There are 2 protein chains.
Amino acid sequence: MHMVDIIRRKRDGHELSADEIAYLVNGYLNGEVPEYQVTAWLMAVFFKGMSFEEVLALTDALVDSGERMDLSELETPAVDKHSTGGVGDTVTLVLGPVVAACGVAFAKLSGRGLGHTGGTVDKLESIPGFRTGLTHQEFVSQIRKTGICVAGQGAMAPADDGLYALRDVTATVESDPLVAASIMSKKIAGGAGAVVIDLKVGRGALFGNREQAVPAARLMESIGRARGVRVECVMTSMDQPLGNAAGNALEVLEAVKTLKGQGSADLAEVVIALAARLLTISGEEWEGPAAAAEARRVLEDGTALAKFSQWISSQGGDISFIDDPGSLELAPVTAHVKSESSGYVQSVDALAAGRAVQLLGAGRLRRDESVDHGVGGVFRARTGDGVSAGHVLATIYARDRAAAGEAVRRITAAYVVGAEPVTVKPLFIA
Amino acid sequence: MHMVDIIRRKRDGHELSADEIAYLVNGYLNGEVPEYQVTAWLMAVFFKGMSFEEVLALTDALVDSGERMDLSELETPAVDKHSTGGVGDTVTLVLGPVVAACGVAFAKLSGRGLGHTGGTVDKLESIPGFRTGLTHQEFVSQIRKTGICVAGQGAMAPADDGLYALRDVTATVESDPLVAASIMSKKIAGGAGAVVIDLKVGRGALFGNREQAVPAARLMESIGRARGVRVECVMTSMDQPLGNAAGNALEVLEAVKTLKGQGSADLAEVVIALAARLLTISGEEWEGPAAAAEARRVLEDGTALAKFSQWISSQGGDISFIDDPGSLELAPVTAHVKSESSGYVQSVDALAAGRAVQLLGAGRLRRDESVDHGVGGVFRARTGDGVSAGHVLATIYARDRAAAGEAVRRITAAYVVGAEPVTVKPLFIA
């Protein structure tokens, strides 16, 4: 088998065999297939696509490239949630405790952030003492004890990490078969029986609009059916940052506020909807309206907050920030982004806002970089809000004046304020 | 400027600026742009093509990546010839002396062979003492003294060597803009004022048929016009090997036979036609019919043979093989490929024959391999020839029995013998 022939066949629109795809993935992982051949193949896939059989074969090869979490010893089925990466996406930190408080195990292996999108592991690591590097057995014990565990992906589907890094620098991210195989390989390796995938749609997101997201959603649901994982995709708007906070510790604090009923309405709305879907497909006997009502109840009556506290503490985290938010370290320099005119917020460019926060140090451009947990931004005005000149639109947390100034400049540009009132589009697209 | 943005813009069908293309070529050459980004871009070019301005910018960037031969100090304009790579292509070794014998300087910088196609430098190096690594000044002196010089490409357009090596292993060779920029960069760097490019068409060749070759031909002629080089493309059939020999020393011996009027008719025919075109576009006052007649005269009356002898000797080669062919070392093991039935040769698969000869050691798979000058094959039966069972179709020269057996097996399979007489297609396609 020669890689150049595999590339040529894909280039010419032929269907590759499962053996050819496994050869490619394994050869890449063990260094026999050089990166410059992999990226030519990725670009050929971008243009020529893949049959469903090819996507399944790629998913399988990625799963087989690493370890696989075995959750069969759990008494109840576990659920998982994935997001395609947005700006200020604090959902997991609230959703997990809500689902666990409803009695369904929440088992999530998560990656680190890359580019302008954050990673749940980075966020959790802003809590002193919190451990994300767990063994297989620790992961399972943690779920059995508290009903929830979130840990780093470790050795799950390592070939996917490599392929994703190559896609990221060769403009081959936006390919449905590659997106679907990448996400589903991590989910299958993670061992959960049911997964809700939140496809972010909009300017700060992988998919520009609903039409672009639908085929990828169908593909992931089909892969799930073929491999015994119940998958349901939802689409949420990423036209502006979700919630108010972007930045690691800032998002942890926002999660606590939301669990206390003091957070932004859009974040709570997304959490309740996703929780309802997860409960419904969990295999337990939940139905939609009852599931949503139960999720709302545990969020509003403090049960989910207590679960959050138990979870963080159980994974080694210092929980004093829950009662005393000021105990979580934030960057020392703050600066305000103020509206230059009066009117209504017409739009907030989530992509530009995410990049500004990333440049403060909250995100990384390369996988081997570290992140600064204390920097970020709090977006105080949202699309549709009425503001007067001088109104604080956002607050920046930075390490120094220069970085703060640059972030203020970028986030000022991300806000568009105009005279006309604005009708806010619904958060849930489908 | 970011390479990932350049790739994305090409992927989406946008036109790249000359600055972007120069950034890519220079970044690749100095190691700032990794190969895995270059190959993704190459595949995007394969699918999206290039505007003429982009092709010109790529050609210029490749030329600027290395040295450039300055032939302006020659009293007469020099001409050059390029072939897109066929099997058993001995043309240059005969054409150069014919053109020089007609009084027009022949100045060729040539590459080494790769894959199943040979390289003129490899062929010449089978002559003991022949020097292909000349300085700029030696190259010019040699032309002034004998009217002909063929030397290695050395430091001309080195970025093209690298790009070609990447294209070769990523199925991105067959792209007109990449083919045209690659060939024309070498020709422009070589310094000749007029070039004939022989586009091989057929199964053993870069282009499968005439329709595929025409756009590349037009493109190279246009690049020539834009950069002050007169370019004329011809297309010749590579449905079967050209001439009778394939292999380095074997082709040198065939060149001598042809210069003595004892070679195969197809080779002499191609040489006379190309010589006529070169004389016509040389800038000297030749017209087509007179040029062809003069080329035929010098080939038939021994003038070109004398020029060949003078040239080889002047570049340091031992010319005793011209009078004593047995003095050129050939591999010791010979084997015959015999027809298994009686009838007519229906076809000879040039690609399969070329690969068989390459595997004997006459060619290389990687640029850093050496070649064996003494091995190869002589194809004694050509398409249309009548043969009886047991008739010798070809003779193999190999280093050992095992290699000879494998070559016999492959070349037997390359010959198709059938009952029906065959009408031979013309060698010149356009």
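Fair warning: this is a prediction, and the values are worked out from it, not measured in the lab. (Residues numbered from 1 in each chain as written. Chains lettered and ligands numbered in written order. Predicted model: local features only at pLDDT ≥ 70, side-chain atom pairs only at ≥ 80, totals over all residues. Heavy atoms only, no water.)

### Some points on the pattern of salt bridges
Note the cut-off: Note on definitions: salt bridges are taken to be side-chain nitrogens of Lys or Arg within 4 Å of carboxyl oxygens of Asp or Glu. Exposed residues in this analysis have more than 50% of their type's maximum accessible area, buried residues have under 20%, and partly exposed residues fall in between, with area computed by a 1.4 Å probe over protein chains only. Only runs of H or I of at least four residues qualify as helices and only runs of E of at least two qualify as strands under DSSP, and these elements are numbered from the N terminus.
In total, this model carries 44 salt bridges over all chains according to the counting rule given. The residue K200 of chain A makes a salt bridge to D198 of chain A at a minimum N-O spacing of 2.8 Å. Summarising the burial analysis for this pair, K200 of chain A and D198 of chain A share the class buried. Between R9 of chain B and E20 of chain B there is a salt bridge, and its shortest N-O distance comes to 3.0 Å. You can see R9 of chain B sitting in helix α1 (residues 3-11) and its partner E20 of chain B sitting in helix α2 (residues 18-29), a full eleven residues away along the chain.

### Focus: the relation of the copies chain B and chain A
Note the threshold: Superposing copies: least-squares fit, C-alpha atoms only, residues required to have pLDDT of at least 70 in both. Contacts: residue pairs with any heavy atoms within 4.5 Å of one another.
Mapping chain B onto chain A leaves a residual RMSD of 0.0 Å; the transformation is a rotation of 180° accompanied by 0.0 Å of translation along its axis. Classification of the inter-copy transformation places it as that of a two-fold axis. When each C-alpha of chain B is compared by its distance to the rotation axis, Y36 of chain B comes out closest, at 1.9 Å. The share of interface residues of chain B whose copies in chain A are also at the interface is 100%, consistent with both copies meeting through the same surface.

### Re the domain arrangement of chain A
Let me state the cut-off plainly: Residue ranges assigned to each domain were obtained from an automatic or database domain assignment.
Each assigned domain of chain A is listed here: domain 1 (3-49), domain 2 (78-323) and domain 3 (330-418). A separation of 41 Å is found between the C-alpha centroids of domain 1 of chain A and domain 3 of chain A.

### Digging into helix α1 (residues 3-11) of chain A
What counts, and what does not: Directions drawn from the helix axis to the C-beta atoms are what define this arc.
Looking at α1 of chain A, one finds that the buried residues are M3, V4, I6, I7, K10 and R11 of chain A. In a view along the axis of α1 of chain A, the buried residues occupy a sector of 160°, so they form one face of it. Tucked into the core, α1 of chain A has its buried residues touching α2 (18-29), α3 (35-48) and α4 (52-64) of chain A together with α3 (35-48) and α8 (158-168) of chain B.

### Description of the packing of helix α5 (residues 91-101) of chain B against helix α12 (residues 265-281) of chain B
Residues and elements named next belong to chain B. What counts, and what does not: Axis definition: a line fitted to C-alpha atoms, limited for helices to the stretch in contact. Angles are taken between N-to-C directions and run from 0 to 180 degrees. Note on angle classes: values under 35 degrees are labelled roughly parallel, values over 145 roughly antiparallel, values of 65 to 115 roughly perpendicular, and the remainder oblique. Note on convention: the crossing is left-handed when the near helix lies turned anticlockwise from the far helix by less than a right angle, right-handed when the turn is clockwise.
At their nearest, the axes of α5 and α12 sit 9 Å apart, and the two run at 45° to each other. The angle between the axes of α5 and α12 places the two elements in the oblique class. Handedness of the crossing formed by α5 with α12: right-handed. Contacts from V91, V94, L95, V98 and V99 in α5 reach L267, V270, V271, L274, A275, L278 and L279 in α12.

### Regarding helix α11 (residues 248-259) of chain A
Residue and element names in this part refer to chain A. Keep this limit in mind: In this analysis, the expected span of each helix is defined as 1.5 Å times one less than the number of residues it contains.
The terminal C-alpha atoms of α11, which comprises twelve residues, lie 17 Å apart, in line with the 16 Å expected from a rise of 1.5 Å per residue. The element α11 is largely enclosed, with a buried count of eleven among its twelve residues. Among all positions of α11, only N248, A249, L250, E251, V252, L253, E254, A255, V256, T258 and L259 are buried. Phi turns positive, to about 80°, at G261, one or two residues after α11.

### Examining the packing of α3 of chain B against α8 of chain B
All names here are of chain B. Worth spelling out the cut-off: Charged means Asp, Glu, Lys or Arg here, nonpolar means Ala, Val, Leu, Ile, Met, Phe, Trp, Tyr, Cys or Pro, and polar covers whatever is left, Gly included.
Contact geometry of α3 with α8 gives a least axis separation of 10 Å together with a crossing angle of 70°. Classified by the angle their axes make, α3 and α8 are roughly perpendicular. When the axes of α3 and α8 are compared, the crossing they make is right-handed. Where α3 abuts α8, its residues E35, V38, T39 and L42 lie against L163, L166 and R167. Classifying every residue of the contact of α3 with α8 gives four nonpolar, one polar and two charged.

### What about the interface of chain B and chain A?
Bring the parts together and some accessible area is lost; that lost area is often taken as the interface size. How we decide: Note: buried area is the sum, over both parts, of the accessible area (probe 1.4 Å) each one loses when the two are combined.
Taken together, the contact between chain B and chain A spans 20 residues of the former and 20 residues of the latter. Here chain B meets chain A over a buried area of about 1800 Å², counting both sides, of which 71% is carbon and sulfur. When the buried surface of chain B facing chain A is broken down by residue, R11, Y36 and F47 of chain B rank first, second and third, together holding 35% of it. Counting every contact that joins chain B to chain A gives two salt bridges.

### Describing the sheet that holds strand β8 (residues 343-348) of chain B
Residues and elements named next belong to chain B. Worth spelling out the cut-off: Two strands form a pair only when DSSP identifies at least two bridges running between them.
Sheet architecture is open: three strands sit in the order β10-β8-β12, paired in antiparallel fashion. Looking along the sheet, the strands with just one partner apiece sit at the ends: β10 (386-387) and β12 (415-418). Bridge count between β8 and β12: four bridges; the pairing is antiparallel. Within β12, the residue paired with V348 across the bridge is Y415.

### Concerning the packing of aromatic side chains
Selection rule: Stacked, edge-to-face and tilted are the three classes for Phe, Tyr and Trp ring pairs, Trp counted by its six-membered ring, which pair at centre distances within 6.5 Å; planes under 30 degrees apart are stacked, over 60 edge-to-face, the rest tilted.
Taken as a whole and judged by the stated rule, the model has nine aromatic pairs over all chains. Relative to F47 of chain A, the ring of F46 of chain A lies with its centre 5.3 Å away and its plane at 85°, an arrangement referred to as edge-to-face. Of the residues examined, F46 of chain A reaches a relative accessible area of 21% and is grouped as partly exposed. Relative to F321 of chain B, the ring of F308 of chain B lies with its centre 6.3 Å away and its plane at 85°, an arrangement referred to as edge-to-face. You can see F308 of chain B sitting in helix α14 (residues 303-314) and its partner F321 of chain B sitting in helix α15 (residues 320-323), a full 13 residues away along the chain. For the pair formed by F308 of chain B and F321 of chain B, the shared burial category is buried. Members of the aromatic cluster, each reached through a chain of ring pairs, are F46 and F47 of chain A together with F46 and F47 of chain B.

### Overview of the confidence of the model for chain A
So the rule is basically this: Each residue carries a pLDDT score, the predictor's confidence in it, ranging from 0 to 100.
Put simply, chain A has an average pLDDT of 92, and 97% of its residues get 70 or more. Reported confidences for the modelled complex are a pTM of 0.89 and an ipTM of 0.88.

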